[in-house]
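In case you want the letters, here they are:
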Amino acid sequence: MPVPIPTPGQLAWQEDGFGLFLHLGVNTFHGREWSDGTLDPACFDPSELDAAQWVDTAVRAGARYVVLTAKHHDGFCLWPTDTTDYSVRSSPWRDGRGDVVAELADACRAAGIGLGLYLSPWDRNAACYPDPQAYDAFYLSQLTELCTRYGPLYELWFDGAGSEGRSYDWDGVMGVIEQHQPDAMVFNMGRPTIRWVGNEDGLAADPCRYATDTSAVSIYAQRDAALDRTRYLPPECDVPIRRHWFWQPDDLHTLKTRDHLLALWYRSVGLGAGLLLNVPPDRRGLIDDHDRARLHEFTDELARRFRAPQVTQLFAADRGDRGELVARFAAPVLIDHLELREDLGRGQRIFGHEILADGRLLARVGTVGVRRVHAFAPVTVTELRIRLTGDGGGGGDQGALRAVTGFHTGFASLPEIEEQLPFIAGKFDAEPQRTSP
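The structure displayed is predicted, hence computed values, not measured ones.

### Notes on the confidence of the model for the protein
In this model, the protein carries an average pLDDT of 93, and 93% of its residues clear a pLDDT of 70 or more. Counting contacts from residues 430–437, a segment whose pLDDT is below 50, to residues more than four positions away or on other chains yields 18 contacts.

### Let's talk about the nonpolar core
Grouped together as the largest cluster of nonpolar side chains are 91 residues, with contacts concentrated most on Phe44, Trp54, Val100, Leu104, Phe158 and Leu277. Looking at which element gives the most residues to this core, the answer is helix α4 (residues 132–149), with seven residues. When neighbours within four sequence positions are excluded, Phe158 is seen to be in contact with Leu119, Tyr139, Leu143, Trp170, Val173, Ile177, Val186, Phe187, Asn188 and Met189. Formed by 22 residues, the second largest nonpolar core is a distinct cluster that contains Ala357, Val379, Ile386 and Leu401.

### What about the UniProt feature "domain: Glycoside hydrolase family 29 N-terminal" (unreviewed entry) in the protein?
Using the residue numbers shown here, the UniProt feature "domain: Glycoside hydrolase family 29 N-terminal" (unreviewed entry) corresponds to residues 43–299. Its end C-alpha atoms 34 Å apart, residues 43–299 is made of 28% helix and 18% strand.

### Considering the environment of Gly270
Along the chain, Gly270 turns up in the loop between α6 (258–266) and β10 (274–278). With a relative accessible area of 0%, Gly270 lands in the buried category. Separated by 99 residues in the primary sequence, Gly270 and Gly369 place their C-alpha atoms 9.7 Å from one another. When near neighbours in sequence (up to four residues on either side) are disregarded, Gly270 contacts Trp265, Arg371, Arg372 and Val373.

### Examining the sheet that holds strand β1 (residues 18–22)
Hydrogen bonds along the backbone pair up the strands of a sheet, which may run parallel or antiparallel. Strand order in the open sheet formed by eight strands is β5-β4-β3-β2-β1-β10-β9-β6, and the pairing between neighbours is parallel. The two strands at the open ends of the sheet, each matched to only one other strand, are β5 (185–187) and β6 (195–196). Pairing of β6 with strand β9 (residues 235–240) involves two bridges; the strand directions are parallel. Bridge pairing in β9 places Trp196 opposite Glu236. The sheet strands contacting helix α7 (residues 289–305) are β1 and β10, and the helix crosses β1 at an angle near 175°.

### Some words on the pattern of salt bridges
Summed over the entire model, instances satisfying the criterion amount to 33 salt bridges. The residue Arg242 makes a salt bridge to Asp288 at a minimum N-O spacing of 3.3 Å. Taken as a pair, Arg242 in the loop between β9 and α6 and Asp288 in the loop between β10 and α7 lie far apart in primary sequence, 46 residues in all. The two residues Arg242 and Asp288 agree in class, both being buried.

### Focus on the packing of α4 against helix α5 (residues 170–180)
Following both chains from N to C, one finds α4 and α5 inclined at 15°, their axes separated by 10 Å at the closest point. With respect to each other, α4 and α5 are oriented roughly parallel. In terms of crossing hand, the pair formed by α4 and α5 is right-handed. Contacts between α4 and α5 involve Tyr139, Leu140, Leu143, Thr144, Cys147 and Thr148 from the first element and Gly172, Val173, Val176, Ile177 and His180 from the second. Split into classes, the residues belonging to the contact of α4 with α5 amount to seven nonpolar, four polar and no charged.

Rules behind the numbers
- Residues numbered from 1 in each chain as written.
- Predicted model: local features only at pLDDT ≥ 70, side-chain atom pairs only at ≥ 80, totals over all residues.
- Heavy atoms only, no water.
- pLDDT = per-residue confidence, 0-100.
- Contact = heavy atoms within 4.5 Å.
- Core = buried A, V, L, I, M, F, W, Y, C linked by side-chain atoms within 4.5 Å.
- Buried < 20%, exposed > 50% of the residue type's maximum accessible area, 1.4 Å probe, protein only.
- Helix = DSSP H or I, 4+ residues; strand = E, 2+ residues; numbered from the N terminus.
- UniProt positions renumbered as here; feature names shortened; annotations may be inferred.
- Pairing = 2+ DSSP bridges.
- Axes fitted to C-alpha atoms, helices over the stretch in contact; angles between N-to-C directions.
- Salt bridge = Lys/Arg side-chain N within 4 Å of Asp/Glu carboxyl O.
- Parallel < 35°, antiparallel > 145°, perpendicular 65-115°, else oblique.
- Left-handed = near helix turned anticlockwise from the far one by under 90°.
- Nonpolar A, V, L, I, M, F, W, Y, C, P; charged D, E, K, R; others polar.

Structure follows, in structure tokens:
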């Protein structure tokens, strides 16, 4: 079977690797996670809203893009849509003349980072939702507005929660995207170009495979959805910085520690996936000071650990074993981390590898992908031997490995995943319907 080949856009998205999720809406002002579409839009009044502060927070953290919940499951729209009155146009914010999406688009453009938009297929406010044909037309109108009013979009995020068993006009959705935003990454539904990792904990797994013929719809779906064929779909790992997705006034104690965030990074970005970390605006319309400080504490430590790369040159092993390489430093170096990068231009081809330093095994694991980060006890080395294996245990492709870089971080192992508190049931007005596919 041919190996699926990524597009240049997919490779660029994988290289970026890290973005911020921004959940904002009427839920923010009611201590809710999901609401039922009946909350008064007059509650939406983030009087200090500053999208530039959100983007500054992202840039300072090294994020390459942001994704905003332009419409969550409650149906409230953060732009002045022509499709419904349930939007910022009916709120007191900016005297009903505001547009959160436009302000964020301007801030992203000024800072040079990507703008992603989340448009929930499930809509608990739209009166036409029970009529699939009418709702499909309604939804395509909303999508067209978002795809034509705000400039280039980096990512379009389609959340399957609440839509289990419901069919939408995905051909129509993709037609809008292909006409107006052909370079945007499409998350998980329709004809996706990236996929959901399958959990809301921010965790990928080893092997982290990019080729798949199924895609996870939501945590409530009974089974994954089958794709039309095997596709190249790198995963994105989403996780909130606190227990909840929307800012809540009573969950500061659930703010993830620096070390837990580092543990998530190693098990998402460090395994070859992307990381989308939710850091939501509060009721002022600003990123919470505590969340902002913790985010930067985490990313500053990442920058410190990887600030002094020690590059290698790659050579075929002397004895010419297929799949065995030598990574040689210019002089002896002390390292406790390695980053490996695969050349993905011909698709993902490395599914197992081991690394040896003077006969000592440093790692024996699975995929490499866009980046793979290893930690181990400090060792002084001049060269490393790297053995690659392809799918099914056969010999790997020597040309598939494009870079090996060493670091001395002061840490010999990955941070531990800390136990996290579950969601609070009272934060929800209702659970999603669980209809059978």
